[in-house]
Amino acid sequence: MLDKLRQFITDVVAPSAPDELTLDEGGYRLAATALLIHVISIDGDPSEVEKQKLHSLLEQRFGLDAATATRLIASATLVEGEAVDLYHFTSVIMRSVNEQGRLRIVEMMWELVYADGTVTEFEENVVWRAADLLAVSTRDRVTLRQKVASASPAAAAADSRSGTEMGIVPEVNPAN
């Protein structure tokens, strides 16, 4: 009985992800979702629009039902809160996902960046760093950004506020 009480207290104080949702070789969905949560959280609390976009992306891209997507988001939020860097997530993705899949994850990141109509330098930077760790080239990252921006109704407003003209994406040379 005492063990059950200890386990209950442990679960309340430090809940853990369900067994099937761990950052192991098969946990790329959890890692990708945690990375996506990091993108929408980097500039403060995620907006309702960003949360809804995340939920719909997970349902569409991972083929999940609403309840499973909700559980995945809850588990990924815990994992993301404990991570100290992006490598924690990108290393799992690199071991588990092919190049096309990694491109889709970067595309999802851009979709979340543009979801609320505000693109911050923090969001741009986290996508750049994550794409680099996922071995997505600068060219592919910029192409994906332009693709998402041209398809997003909020993108024109976001780019005009940030001073970026559509089709022209400022890049920082990492060698400098």
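Note that the coordinates shown come from a computational prediction; the quantities given were computed from them, not determined experimentally.

**Considerations on unusual backbone geometry**
As a rule of thumb, non-glycine residues mostly have phi less than zero, and peptide bonds are mostly trans rather than cis.
Here comes step 1: In this structure, Ala135 is a non-glycine residue whose phi angle is positive, near 60°.
Here comes step 2: By secondary structure assignment, the location of Ala135 is in the loop between helix H7 (121-133) and helix H8 (138-151).
Here comes step 3: In this structure Ala135 comes out as partly exposed when scored by relative accessible area, which is 46%.

**What about the nonpolar core?**
Here comes step 1: Counting residues in hydrophobic clusters, the biggest one holds 43 residues, and the most contacted among them are Leu35, Leu54, Leu58, Ile93, Val106, Met109 and Trp110.
Here comes step 2: Listed by contribution, the elements that provide at least two residues to this core are helix H2 (28-41), helix H3 (48-62), helix H4 (66-82), helix H5 (87-96), helix H6 (99-115), H7 and H8.
Here comes step 3: Non-local contacts of Leu35, meaning those with residues more than four positions away in its chain, are made with Leu86, Phe89, Thr90, Ile93, Ile105, Met109, Ala130 and Leu134.

**Examining H4**
An α-helix turns once per 3.6 residues; consequently, residues spaced three or four apart project the same way.
Here comes step 1: The terminal C-alpha atoms of H4, which comprises 17 residues, lie 25 Å apart, in line with the 24 Å expected from a rise of 1.5 Å per residue.
Here comes step 2: Along H4, the positions that sit buried rather than exposed are Ala69, Leu72, Ile73, Ser75, Ala76, Val79 and Glu80.
Here comes step 3: Packing partners of the buried residues in H4 comprise H2, H3 and H5.

**What about the packing of aromatic side chains?**
Here comes step 1: One pass over the full model with this rule turns up 2 aromatic pairs.
Here comes step 2: Ring geometry for Tyr28 against Phe62: centres 6.2 Å apart, planes inclined by 85°, an arrangement best described as edge-to-face. With a gap of 34 residues between them, Tyr28 in helix H2 and Phe62 in helix H3 connect regions that are remote in the sequence.
Here comes step 3: On the basis of relative accessibility, which here comes to 26%, the residue Tyr28 falls in the partly exposed class.

**Quick notes on the environment of Tyr28**
Here comes step 1: In the structure, Tyr28 is positioned 68 residues away from Ser96 in sequence and 6.2 Å away in space, judged by C-alpha atoms.
Here comes step 2: Those residues within four positions of Tyr28 in sequence are excluded, and the remaining contacts are Phe62, Val92, Ile93, Ser96 and Val97.
Here comes step 3: Within the local environment of Tyr28, its side chain forms a polar contact with the side chain of Arg29, the two groups lying 3.5 Å apart.

Rules used throughout
Residues numbered from 1 in each chain as written. Predicted model: local features only at pLDDT ≥ 70, side-chain atom pairs only at ≥ 80, totals over all residues. Heavy atoms only, no water. Helix = DSSP H or I, 4+ residues; strand = E, 2+ residues; numbered from the N terminus. Buried < 20%, exposed > 50% of the residue type's maximum accessible area, 1.4 Å probe, protein only. Core = buried A, V, L, I, M, F, W, Y, C linked by side-chain atoms within 4.5 Å. Contact = heavy atoms within 4.5 Å. Expected span 1.5 Å × (residues − 1). Phe/Tyr/Trp six-rings, centres within 6.5 Å; stacked < 30°, edge-to-face > 60°. Polar contact = N/O pair within 3.5 Å; in protein donor to acceptor, adjacent residues only side chain to side chain.

Remember that the coordinates give geometry; whether it matters functionally is a separate question.
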